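Close look at the chain arrangement
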Amino acid sequence: DGVAEFDGLAWASAGNYTLTATDSSVNISSVMSSIIAVQPASPTHMVFTEQPVSAVAGDSIEVMVAAEDDQGDIVTNVADYIYVSDSTGAIGTYMQMVDGVATFNLTITEAGTDSLTANDWYGSGLPSVESQDFNINPGAPASLIFENEPVPTQGGIIDTVVGVVDAYGNLV
């Protein structure tokens, strides 16, 4: 009867798709469907779509956190408030997601190895997510400090250590 039915067609991820039908047994032109917009499912988790990178103390680091569905698609109708903090407790700030993504510009001044945690502060209740580790390196030498105050010892000998620090007090 010249009809072929296809039930249960499914796409693995969100996006715009078209279907093309061709019959190679007869010499007729193929036909293409209009655009089929497949929407993401409900959000199930968050990811760092832009991970933190190593930087110098005091420089700005941009990170992005997105709400995704089980297929790894960004769910663009999410507007949750996301709280990001670092492992040292030195920073903590929140941003609202726009189109399912929150963008943070962070300034960390404490040198050392660090990581970030993103928490869904207000919204869908998505589970928290950890970033990869990154390093904050000391900045340029800015001043000298006594690492321990000079203490006179018997015979007039003084023991002390002097260090070079950046503008944030990190040893260089």
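Residues numbered from 1 in each chain as written. Predicted model: local features only at pLDDT ≥ 70, side-chain atom pairs only at ≥ 80, totals over all residues. Heavy atoms only, no water.

1. Some details on the sheet that holds strand β5 (residues 45–50)
The sheet built from 3 strands is open, its strands ordered β5-β7-β10 with antiparallel pairing. At either margin of the open sheet sits one strand with a lone partner, and together these are β5 and β10 (101–107). In this sheet, neighbouring strand axes are inclined to one another by 30 degrees on average, regardless of whether the strands run parallel or antiparallel. Here β5 runs beside strand β7 (residues 60–68); their pairing, made up of 5 bridges, is antiparallel. Across the sheet, residue His-45 finds its bridge partner in β7, namely Glu-68. (Pairing = 2+ DSSP bridges. Helix = DSSP H or I, 4+ residues; strand = E, 2+ residues; numbered from the N terminus. Axes fitted to C-alpha atoms, helices over the stretch in contact; angles between N-to-C directions.)

2. Some words on the sheet that holds strand β11 (residues 112–114)
In spatial order, the strands read β6-β14-β11; together these 3 strands make up an open sheet with mixed pairing. Bordering the open sheet on either side are β6 (55–56) and β11, each of which pairs with just one other strand. Here β11 pairs with strand β14 (residues 134–137) via 3 bridges, running antiparallel. When the sheet's bridge partners are listed, Gly-112 is paired in β14 with Ile-136.

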